[in-house]
Amino acid sequence: MWLYEKKLQYPVRVSVCNPRLAKFLIEQYGGADGELSAALRYLNQRYTIPDKVIGLLTDIGTEEFAHLEMIATMVYKLTKDATPEEMKQAGLGDHYANHDGALFYHDAAGNNWTASYIQAKGDPIADLYEDIAAEEKARATYQWLINMSDDPFLNESLSFLREREIVHSQRFREAVELIKDSNTGKKIF
Amino acid sequence: MANKPLPDDYYQRLEEIQKIDFTLVELNLYLDTHPQDLEAIKQYNTFTKKAKELRQMFEERYGPMIHFGHSYSTHPWAWIESPWPWQV
Amino acid sequence: MDTSFRKSFEPFISRFDPCKPIPVKYYETPPQLYLGFQPEGLEQFSPAEALKHGTLWPALYAPYSNPYRHDGK
């Protein structure tokens, strides 16, 4: 089972009410390479991955939910108290018509989240290579978001999340080495 | 507590927990692929103790952080009280 | 091997390109591409620095800023 803890992984701060940025950030909420995809991908693949890397998939998958909550917090703060007119001006009129100020799992272009964003092939190498690619794609998305954001506080949170993709990618790369060869786990690739 | 601003002390204590907990996340992921690293395990156990202490002090002031029997409650039931993490 | 974290290339520029050309394009090649299986006992950040940097290990830290902006933001 899982436990909920009443705290964010990182202290998210946002400088100004800016619904337009929220429209872009939602990419990492319900987009193909977003945090929801990541969490569901790893926590689903773990049932059939070799035992020695189940712990890693469980832990990274769990951390992804903490990142999902960070993105939600950013979107929530950026749009909180925005008027319908401000939402419209921010390009969020389509979102507002369906959801008011509620969050929803779609990407920046409004496409609803779908399970076809993720895969569980049952082949450990195929799955771990997908996971590495997913981390690199998420890292790239954070870079493009940082390029578009001029909110210094928000960029601190986005930089934190981008760095987490680097660390996760590193661990998945190590996981590949662990299952490639079953001995000590100390090897150079 | 709905509309009472939180004191600086809340944010400071919370951030102290976030620092230690983050170090624990990092050591945990590292140990998932380096299960034999004794020094890292010792460090993990030391930080775990520290995290428990900080969490206990925070909870005495600001209420339970974890549900389902992992934190004690005052009366009335404290878990449902605002603020939630995305609100602060 | 060039283990710096930012690389660049210069795409062909046609005299018929409608937008103002960006002569140099950049891409990131962060440390996980070079570290290999992480050795034991690597230097660590303090807990406060680790949270700020997003990692406990300086060897995995690779900050990012917009390469097309020159005011450092």
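Residues numbered from 1 in each chain as written. Chains lettered and ligands numbered in written order. Predicted model: local features only at pLDDT ≥ 70, side-chain atom pairs only at ≥ 80, totals over all residues.

Named according to an unreviewed UniProt entry, chain B is Spore coat protein CotJB originating from Pullulanibacillus pueri.

Under an unreviewed UniProt entry, the name given to chain A is Protein CotJC, and the source organism is Pullulanibacillus pueri.

Novice: Account for the overall build of chain A, naming residues and giving values.
Specialist: Counting its regular elements, chain A contains eight helices and zero strands. Radius of gyration (C-alpha) of chain A: 18 Å, near the 16 Å computed for a compact globule of 189 residues. Here the C-alpha coordinates of chain A stretch approximately 60 × 30 × 30 Å along the principal axes. Taken over 189 residues, chain A has a buried fraction of 49%. Once local pairs closer than 6 in sequence are excluded, the contacts in chain A between residues at least 24 apart make up 75%. (Helix = DSSP H or I, 4+ residues; strand = E, 2+ residues; numbered from the N terminus. Rg over C-alpha atoms; globule rule 2.2 N^0.38 Å. Buried ≥ 20, exposed ≤ 12 C-beta atoms within 10 Å, placed from the backbone. Contact = placed C-beta atoms within 7 Å.)

Novice: Can you break down the interface of chain A and chain C residue by residue, with the values?
Specialist: Contacts between the two partners involve 21 residues from chain A and, on the opposite side, 19 residues from chain C. Ranked by residue count, the leading element in the side of chain A that touches chain C is helix α8 (residues 152–180) of chain A, at 12 residues. In the side of chain A that touches chain C, the residues fall into seven nonpolar, five polar and nine charged. (Nonpolar A, V, L, I, M, F, W, Y, C, P; charged D, E, K, R; others polar.)

Novice: Outline unusual backbone geometry, listing residues and values.
Specialist: The omega torsion of the bond from B:H75 to B:P76 falls at 0 degrees, within 30 degrees of zero and hence cis. Cis geometry is adopted by the peptide bond preceding B:P83, which originates at B:S82 and carries an omega value of 5 degrees. Mapped onto the elements of the fold, B:P83 is located in the segment after α2 (38–62). If you check the backbone angles, A:D100 has positive phi at about 55 degrees while not being a glycine. Note on placement: A:D100 falls in the loop between α6 (93–99) and α7 (124–148). Given 9 C-beta atoms within 10 Å, A:D100 falls into the exposed group. Unlike most non-glycine residues, B:F68 shows phi in positive territory, near 55 degrees. The topology assignment puts B:F68 in the segment after α2.

Novice: If you had to explain the interface of chain A and chain B to someone new, which residues and values would you point to?
Specialist: Contact residues are listed per partner, giving 24 residues for chain A and 19 residues for chain B. The set of elements that each furnish at least two residues to the side of chain A that touches chain B consists of α4 (54–79) and α8 of chain A. Sort the elements by how many residues they give to the side of chain A that touches chain B and α4(A) lands first, with nine residues. Per-class residue counts for the side of chain A that touches chain B are 12 nonpolar, four polar and eight charged.

Novice: Help me get a handle on the UniProt feature "binding site: Mn(2+)" (unreviewed entry) in chain A, residues and values and all.
Specialist: Residue and element names in this part refer to chain A. Per the UniProt record, "binding site: Mn(2+)" (unreviewed entry) is found at E35, E64, H67, E135 and H168. These annotated residues cover 134 residues of sequence, but their C-alpha atoms sit close together, with the largest distance between any two at 12.9 Å. Residue class for E64 comes out buried when judged on the 24 C-beta atoms lying within 10 Å of it. If we ignore the near neighbours within four places in the chain, the residues touching E64 are E35, A38, A39 and Y42. Take E135: there are 24 C-beta atoms within 10 Å of it, and that puts it in the buried class. Setting aside its immediate chain neighbours within four residues, E135 contacts E165, H168, S169 and F172. (UniProt positions renumbered as here; feature names shortened; annotations may be inferred.)

Novice: Break down the UniProt feature "domain: Protein CotJB" (unreviewed entry) in chain B for me, with residues and values.
Specialist: Listed under "domain: Protein CotJB" (unreviewed entry) in the UniProt record, and renumbered for this structure, are residues 12–87 of chain B. From the first C-alpha to the last, residues 12–87 of chain B spans 16 Å; its make-up is 62% helix and 0% strand.

Novice: Which residues make up the UniProt feature "binding site: Ca(2+)" (unreviewed entry) in chain A, and what values go with them?
Specialist: The positions UniProt marks with the feature "binding site: Ca(2+)" (unreviewed entry) are A:D59. Relative to the assigned elements, A:D59 resides in helix α4. Leaving out residues up to four positions away in the same chain, A:D59 has contacts with B:N28, B:L29 and B:D32.

Novice: Kindly report on the nonpolar core, identifying the contributing residues and their values.
Specialist: Nonpolar side chains in soluble globular proteins generally cluster together in the buried interior. Grouped together as the largest cluster of nonpolar side chains are 53 residues, with contacts concentrated most on A:L25, A:Y29, A:M70, A:I71, A:M74 and A:V75. Sorting the residues of this core by element identifies α1 (19–25), α3 (35–45), α4, α7 and α8 of chain A, α1 (8–33) of chain B together with α1 (47–53) of chain C as the ones contributing at least two each. Broken down by element, this core gets its largest block of residues, 10 residues, from α4(A). Residues within four places of A:Y29 in sequence aside, it is in contact with A:G34, A:E35, A:L36, A:L68, A:I71, A:A72, A:V75, A:L103 and A:Y105. One finds A:A82, A:A90, A:L92 and A:Y96 within the second-largest nonpolar core, a separate group that totals five residues. (Core = buried A, V, L, I, M, F, W, Y, C linked by C-beta atoms within 7 Å.)

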